[in-house]
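# Commentary on secondary and tertiary structure
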Amino acid sequence: MITTHTPHGSLSVEEYMQIVREVRNQPPWRAQADKEAEYADGNQLDTELMRRMKQIGMPPAKENVITPTIAALCGYEAKTRTDWRVTADGDTDSKDIADALNYRLNLAERHSKADKALSQAFRPMAAVGLGWVEVGRAQNSLDFPYRCRYVHRNEVWWDMRARDNDLSDARWLRRRRWVDKEKAAQTFPEHAELLRQGWYDYRETELNTGDISTGLLSAADAERAWTQTEDAWYNSENRTVAIDEVWYRRWVPTVMLHLKGGRSVKYDDTNAVHTAAVLAQQAKLVEETIPVMRRSYWAGAHRLFDGETPYPHNDFPYVPAFGHREDMTNIPYGLVRDMIFPQDNLNSTISKLRWGIANVITERTTGAVAMSDDQFRRQISRVDADIILNPQAMAQPGARFEVRRDFQLNAQQFQLMNDSRAAMQRVSGVSASFMGQAGTATSGLQEQTQLEQSQVSIADLMDSFREARTKVGELLMSLIIEDLGKEEQTIVVEGDALQPAREVKINVPTVDEYTGRRYLSNDVSRARLKVALEDVPTSSGFRAQQLNALTEAVKSAPPQLQQVILPFMVHMMDLPKKEQVVEAVMQATQQADPEQMKEQAKQELMHDLKSRELDLRERELVAQEKLIAAKTTQTGVQTSFSAMQAGAQVAQMPQIAPIADTVMQLAGYQKPRPYGQDPNFPTPAQAVARDIRSPYIEGEGAQFGSEQEGAIALEGVKQNTHPSFPPIPQEPESGQDGMETPRVDDNLQVNEGI
């Protein structure tokens, strides 16, 4: 276990050697895994077994059933392969971001060779139970920025106490690479002299390692003496050095900010948004112990580098693909483990059967043949054997020479051989129909049933691989999000034959119209996303199956429905210029469909009616504008006339002006600020005669009764002919007097004594 006395520090030598001791004490499963991998590669004849068979004259034989079984599983994986799909994790506002990242992730899937790396990892996963995929950045800036590579199982050691298949609970992971000394010296220039001289100390000569020659051969004349590890270990002329890459976790107490929506981020006391969220009770602070990923490079006991992880995620950059794991030890294993015995039994049975068919039993007395014993044995085993007998020896009493063959065991050997073949299918769960071979099925239904049974038997294996594939997609998406950063970008999501291309803008600077706060619209770093696998495979074979099934379903459909589905059927075909074909089909079906033609005519008629309606509305608006202009003029004339009337009243009776002001003030009247415009009414050079008192004295008024001089007596009530005022009706005499009457000439009674 890694000590935690320096939680934020580098990996010490003692801690590294503690990891080495853990590796040494792990269960010894790698040698067995190498043997299983050799069987999957076809190297199934043991060296000692072949030596003994050669001594007794038994020919070596091999019928490799394991390799076709693993190849069938690899083909099934490639056939049912599905692409990654980025979806919004419960956040509908992130749909555009998910679509943009989905396009980028599918682009990275193709150019980073992720499918190839995962397929390479699937083969050892199915065979021996474990495969590794590395997800990282390209070291060459001229290449695609991301890369996925298959890593051999004997290069990687991990904390076998971890229970999760994605190693999210593992404490450390170690990878050993054999690197050229010059390349290592350029990578770590501060340790160049150490690496060039090779003064590094291997303190783990007794490690539980694989990569050692298994002694298994594919044929009698195929001799292999060493592997890469043995060559680098023992060959002093080899210019390579072992570099250990160690990834480890430190558990650090951290204050986390838990938002109400379920999102959690690391609390930053310098961030005003975090502080405001806590004060507004929109989030709460929780102290947790979270792991922090670090990496370290070692050459023997010399630490070359130690620092934080260069990746935005907190996972190992190596994704394991586990097949099956033992319950007590967590040792991975695959399908080959249970197939080794029936494979050996099959090989030995074929060898014995061949030997038994060619076996010849001879009984002869001494000197019965005129040749040596070795010459006789070689000659008697030939098909065209020619044996010369010794006449003197055969003339002796009791002389005997007999040649016979024993075929009694051949039938039993043949039955045992068939049993071994059937046992291979039983232990692997892969039937002959799954491998594309003729099996025991006598009908199409039985063939389909056996195929489904094989798929059920390997469902657990495929589910584990889907989990590993999803993890690789998540690591790639984290790298893509980090590269997108906070800069505004426009991502063009390419379309297909049915959907046009569209643009998605991300990280758009936006200002809140209510608060004035600046934020990023479609912020990639804040979007809640997840990576899933498509429900439908995208391989050409699966598309052909879909096309056949859809074709059979459309045959009995009405013609209108066939025209609708035809573009989708063309989209499933592997045709050049598929987009142009689909577009031409859609245009042709739209013109030839009577219902669509009726709908098009209906739309044109509705368009004509809409145009007429817009014309009528436009004329109505013009008439309304003219009416508003006329009413405005009328209102202005009336206002002017009322102003003139008020001015005439004040001019005739200045005493009412203060009273009118007081009444207006009590009613809440205030002078407009600013004042209006001067209408600038024209005034005549000579005023007409007015009904005012004369002589007029400023401040004292005029003499009473002077208004009668030269004035025209009122004859009844004058009618107002202005169009905005109703006519004043004639009224009979009411017997009223003075101010009770509507007239003004009898309001004041002039007394001569005043």
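Residues numbered from 1 in each chain as written. Predicted model: local features only at pLDDT ≥ 70, side-chain atom pairs only at ≥ 80, totals over all residues. Heavy atoms only, no water.

A word on the overall build of the protein. The secondary structure content of the protein amounts to 21 helices and 23 strands. Expressed as a percentage of its 754 residues, the buried residues of the protein come to 32%. Expressed as a percentage of contacts within the protein between residues at least 6 apart in sequence, the contacts between residues at least 24 apart total 68%. As displayed, the protein offers around 47,700 Å² of accessible surface, 53% of which is attributable to carbon and sulfur atoms. (Helix = DSSP H or I, 4+ residues; strand = E, 2+ residues; numbered from the N terminus. Buried < 20%, exposed > 50% of the residue type's maximum accessible area, 1.4 Å probe, protein only. Contact = heavy atoms within 4.5 Å. Areas by Shrake-Rupley, 256 points an atom, 1.4 Å probe, with all protein chains shown as cover.)

Another point: unusual backbone geometry. Even without being glycine, K113 reaches a positive phi, approximately 60°. Position of K113 relative to the elements: it lies in the loop between α5 (95–111) and α6 (114–128). A residue is classified by how much of its surface remains accessible, and K113, at 58% relative accessible area, is exposed. Within the chain, N330 stands out as a residue other than glycine whose phi angle is a positive 65°. Checked against the element boundaries, N330 lands in the loop between β13 (324–325) and β14 (332–333).

Three- or four-residue spacings in an α-helix give side chains the same orientation, since the helix completes a turn every 3.6 residues. Here α6 contains 15 residues, and its C-alpha end-to-end distance of 21 Å stays within 8% of the 21 Å for a straight helix at 1.5 Å per residue. Burial analysis of α6 places 12 of its 15 residues in the buried class, which makes it a mostly covered element. Within α6, burial applies to A114, D115, A117, L118, S119, A121, F122, P124, M125, A126, A127 and V128. Downstream of α6 by one or two residues, G129 has phi in the positive range, about 105°. (Expected span 1.5 Å × (residues − 1).)

A separate point is the packing of aromatic side chains. Following the criterion strictly, the structure yields 11 aromatic pairs and no others. Taken together, a centroid distance of 6.0 Å and an interplanar angle of 65° make the contact between W29 and W158 edge-to-face. Of this pair, W29 sits in the loop between α1 (13–24) and α2 (30–41) while W158 is found in strand β5 (residues 156–158), placing the two residues 129 residues apart along the sequence. Judged by its relative accessible area of 4%, W29 falls in the buried class. A residue is classified by how much of its surface remains accessible, and W158, at 0% relative accessible area, is buried. (Phe/Tyr/Trp six-rings, centres within 6.5 Å; stacked < 30°, edge-to-face > 60°.)

So, about the packing of helix α11 (residues 340–357) against helix α14 (residues 410–428). A packed helix pair is summarised by two numbers, namely the angle formed by the two axes and the spacing between the axes. It is the contact of α11 with α14, at a shortest axis distance of 9 Å, that shows an interaxial angle of 160°. If you check the angle between α11 and α14, you find them roughly antiparallel. Classified by chirality, the crossing of α14 by α11 is left-handed. On α14, the residues that touch P342, Q343, N345, L346, T349, I350, K352, L353, G356 and I357 of α11 are N410, Q413, F414, L416, M417, S420, R421, A423, M424 and V427. Its residues assigned to classes, the contact of α11 with α14 shows 11 nonpolar, 7 polar and 2 charged. (Axes fitted to C-alpha atoms, helices over the stretch in contact; angles between N-to-C directions. Parallel < 35°, antiparallel > 145°, perpendicular 65-115°, else oblique. Left-handed = near helix turned anticlockwise from the far one by under 90°. Nonpolar A, V, L, I, M, F, W, Y, C, P; charged D, E, K, R; others polar.)

Let us now look at the side chain of T470. Here T470 shows up in helix α16 (residues 459–484). For T470, the side chain forms a polar contact with the main-chain oxygen of R466, separated by 2.9 Å. (Polar contact = N/O pair within 3.5 Å; in protein donor to acceptor, adjacent residues only side chain to side chain.)

Taken together, the side chains of L605, M606 and L609 make up a nonpolar region of the molecular surface, amounting to roughly 300 Å² of accessible area. Mapped onto the elements, L609 comes out in helix α20 (residues 594–652). (Patch = residues over 30% accessible without salt bridge, like charges linked within 9 Å, V, L, I, M, F, W, Y side chains within 5 Å. Salt bridge = Lys/Arg side-chain N within 4 Å of Asp/Glu carboxyl O.)

All told, the structure shown has 30 salt bridges when counted by the stated rule. When the shortest N-O distance is used, the salt bridge between R171 and E22 registers 2.8 Å. Linking R171 in the loop between β5 and β6 (172–180) with E22 in helix α1, this pair joins segments that are 149 residues apart in sequence. The two residues R171 and E22 agree in class, both being buried.

This part takes up the confidence of the model for the protein. For the protein, mean pLDDT is 76; residues scoring 70 or higher make up 71% of the total. Contacts from residues 1–7, a stretch scored under 50 in pLDDT, to residues over four places away or in other chains number 19 contacts. When the criterion is pLDDT under 50, residues 709–717 qualifies, and its contacts beyond four places in sequence or with other chains add up to 3 contacts. (pLDDT = per-residue confidence, 0-100.)

Between its first and last C-alpha, α1 extends 16 Å over 12 residues, near the 16 Å set by a 1.5 Å rise per residue. When α1 is considered as a whole, its buried residues turn out to be E15, Y16, M17, I19, V20, E22 and V23. On its buried face, α1 sits against β5, β6, β8 (240–259) and β10 (283–299).

Another aspect to go through is the sheet that holds strand β4 (residues 146–151). One open sheet accounts for 3 strands, arranged β4-β3-β12; its pairing is antiparallel. Where the open sheet ends on each side, the last strands, each with one partner, are β4 and β12 (318–322). Here the average twist between neighbouring strands, direction ignored, is 20°. Bridge analysis of strand β3 (residues 130–137) against β12 gives 5 bridges, and the strand direction is antiparallel. Bridge pairing in β12 links L130 to F322. Lying on the sheet, α6 is in contact with β3, β4 and β12; it crosses β3 at an angle near 160°. (Pairing = 2+ DSSP bridges.)

Looking at the element boundaries, E36 is found in helix α2. In this structure E36 comes out as buried when scored by relative accessible area, which is 2%. Excluding its chain neighbours within four sequence positions, the residues that come into contact with E36 are A127, V128, V336, R337 and I340.

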